[in-house]
Amino acid sequence: MKFTALKASKLAVLTALASSALGDVFDTINTYPLATDSVVLGHEFNYASDNNVNRLFQGNKQWVQQVKSQDPNFFQKFARGEDPKIMWIGCSDSREAVESITGTKPGEVFVHRNFGNIFFEDDLNLLSALDYAINHLEVNHIVITAHTHCNAIKYALDRNPVSDLIDNWLRRPQSVYTDFRNSVDRLDKTFGEGVISIFNAHQSLHHLVRTSLIQKAWKRGRKIAVHAWLFDMDTGYLHDTKFSVAGPQDLDPRARWNV
Ligand SMILES: [Zn+2]
């Protein structure tokens, strides 16, 4: 459906959102004269022509039916809000599908993923999610989960330029590799990549627990433990790397804020 510049006001859209069923809202939105509609010619996509994406809608319908058959009131509770007690920081890799590999349900794990599960102190995206998880959801655990066969780690170890943005993004796992290069280069290549994946998760953990964000929460008495895990794609098993930080007592004084 093309956007047609009907005289619908923003207020009308908000009113429709507040009072109507979603189908009516979509009709209203589709006729809303967006400021950009002279340069962006949006239209309804024919998903039937590409089953790779069309099957997501089919799968979604099956999921809804399956969930409702087990619990007819599921979506009434679902829509009320989320109350997860675990935050997962993982790799964007399509195989690190949190609910599937952990047997959890939607609503149980608050998830943030990026290419290589890397924590940067100036990543506003990750920091905002972390702030929300700590101060609003009040999670008790934050898990940084690396995985084997990670392309971010492979790129970091290869040192061959990929593209300007990716090369810059991967500077942290590259520095981890530099620190341990003498040992890692003696290992089998795949095993060495796995080792750097773990050390890279530890590095992200190091930077996360040094933020004032989590240290202030600890100071207020919040129980939050930060863990580093590894998802082994050769076996499907999730492993604890036995490197957790559960409070300021686990930090050297040099890493503590006076909060
Ligand atoms: Zn990855």
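You'll find the structure just up there.
Residues numbered from 1 in each chain as written. Predicted model: local features only at pLDDT ≥ 70, side-chain atom pairs only at ≥ 80, totals over all residues. Heavy atoms only, no water.

Asker: So what about the coordination of the zinc ion? Which residues, and what values?
Answerer: Within the protein, the atoms that donate to the zinc ion are C91 (SG), H147 (NE2) and C150 (SG), at distances of 2.0 to 2.2 Å. Between consecutive donor residues of the zinc ion, the sequence gaps follow C-x55-H-x2-C. Of the two residues, C91 sits in strand β1 (residues 86–91) while H147 sits in strand β3 (residues 141–147), which places them 56 residues apart along the sequence. (Donors = N, O, S within 2.8 Å, 3.2 Å for Na, K, Ca; no water. Helix = DSSP H or I, 4+ residues; strand = E, 2+ residues; numbered from the N terminus.)

Asker: How would you sum up helix α9 (residues 171–184)? Please name residues and give values.
Answerer: The largest bend in α9 comes to about 45 degrees, at T178. Taken as a whole, α9 has its buried residues at R172, P173, Q174, V176, Y177 and V184. Residues of α9 that are buried make contact with α7 (151–158), α8 (164–169) and α10 (189–209). (Bend = angle between axes of the 7 residues up to and from the residue. Buried < 20%, exposed > 50% of the residue type's maximum accessible area, 1.4 Å probe, protein only. Contact = heavy atoms within 4.5 Å.)

Asker: I'd like a rundown of the nonpolar core, residues and numbers included.
Answerer: Grouped together as the largest cluster of nonpolar side chains are 30 residues, with contacts concentrated most on M87, L130, I134, I142, L208, I214 and V226. For this core, the secondary-structure elements that each account for two or more residues are β1, α6 (124–137), β3, α10, α11 (212–219) and β4 (225–231). If we ignore the near neighbours within four places in the chain, the residues touching I214 are I134, I142, L208, V209, I224 and V226. (Core = buried A, V, L, I, M, F, W, Y, C linked by side-chain atoms within 4.5 Å.)

Asker: Please set out unusual backbone geometry residue by residue, giving values where relevant.
Answerer: Of note, the phi angle at H149 is positive, near 55 degrees, even though the residue is not glycine. In this structure, H149 sits in the loop between β3 and α7.

Asker: Before we move on, can you summarise helix α3 (residues 51–70) with the specific residues and values?
Answerer: Taking 1.5 Å per residue, 20 residues should reach 28 Å; α3 reaches 28 Å between its end C-alpha atoms and fits that length. Capping the start of α3, D50 holds a side-chain oxygen 3.0 Å from the backbone nitrogen of N52, two or three residues further along. (Expected span 1.5 Å × (residues − 1). Polar contact = N/O pair within 3.5 Å; in protein donor to acceptor, adjacent residues only side chain to side chain.)

Asker: Hey, could you go over the side chain of T148 for me, with residue numbers and the actual values?
Answerer: Tracing the chain through its elements places T148 in the loop between β3 and α7. Filtering out sequence-adjacent residues up to four positions away, T148 remains in contact with L230, F231, D232, M233 and D234.

Asker: Give me the lowdown on the packing of aromatic side chains, citing residues and values where you can.
Answerer: Using the criterion set out here, one finds 12 aromatic pairs in the structure. Ring centres 5.0 Å apart and planes at 85 degrees place the aromatic pair F74 and F75 in the edge-to-face group. When its relative accessible area of 17% is taken as the criterion, F74 is described as buried. With relative accessibility at 25%, the residue F75 sits in the partly exposed group. Taken together through their ring pairs, the aromatic side chains of W63, F74, F75 and F78 make up a single cluster. (Phe/Tyr/Trp six-rings, centres within 6.5 Å; stacked < 30°, edge-to-face > 60°.)

Asker: Outline the pattern of salt bridges, listing residues and values.
Answerer: When the charged atoms of two side chains lie near each other, side chains of opposite charge can form a pair. Evaluated as defined, the whole model comprises 7 salt bridges. The shortest N-O distance in the salt bridge between D71 and K77 comes to 2.7 Å. Classification of D71 by relative accessible area gives partly exposed; the value is 22%. A residue is classified by how much of its surface remains accessible, and K77, at 43% relative accessible area, is partly exposed. With a shortest N-O distance of 2.7 Å, D93 and R95 are connected by a salt bridge. The exposure class assigned to D93 is buried, which follows from its relative accessible area of 13%. According to the relative accessible area criterion, R95 is partly exposed, its value standing at 41%. (Salt bridge = Lys/Arg side-chain N within 4 Å of Asp/Glu carboxyl O.)

Asker: I'd love a proper account of the packing of α9 against α10, names of residues and values included.
Answerer: At a minimum axis distance of 9 Å, the contact between α9 and α10 shows a crossing angle of 130 degrees. By the angle class used here, α9 and α10 are oblique. In this structure, α9 crosses over α10, and the sense of that crossing is right-handed. Two secondary-structure elements touch here, α9 through R172, P173, S175, V176, Y177, F180 and V184 and α10 through G192, V195, I196, F199, N200, Q203 and H207. (Axes fitted to C-alpha atoms, helices over the stretch in contact; angles between N-to-C directions. Parallel < 35°, antiparallel > 145°, perpendicular 65-115°, else oblique. Left-handed = near helix turned anticlockwise from the far one by under 90°.)

Asker: Run through the sheet that holds strand β2 (residues 109–114), naming residues and quoting values.
Answerer: Pairing is mixed across the open sheet formed by 5 strands, whose spatial order is β2-β1-β3-β4-β5. The sheet terminates laterally at β2 and β5 (238–245), the two strands that pair on one side only. Neighbouring strand axes in the sheet, compared pairwise and without regard to direction, differ in orientation by 25 degrees on average. Note that β1 and β2 share 6 bridges and pair parallel. When the sheet's bridge partners are listed, I89 is paired in β2 with H112. (Pairing = 2+ DSSP bridges.)

Asker: Please give an account of the environment of T102 that cites residues and values.
Answerer: Mapped onto the elements, T102 comes out in helix α5 (residues 98–102). Sequence spacing of T102 and L238 is 136 residues, and the spatial spacing of their C-alpha atoms is 8.2 Å. For T102, the contacting residues outside a window of four places in its chain are W88 and L238. Reaching out from T102, the side chain makes a polar contact with the backbone oxygen of V98 at a distance of 2.6 Å.

Interpretation in functional terms is not warranted from these geometric data alone.
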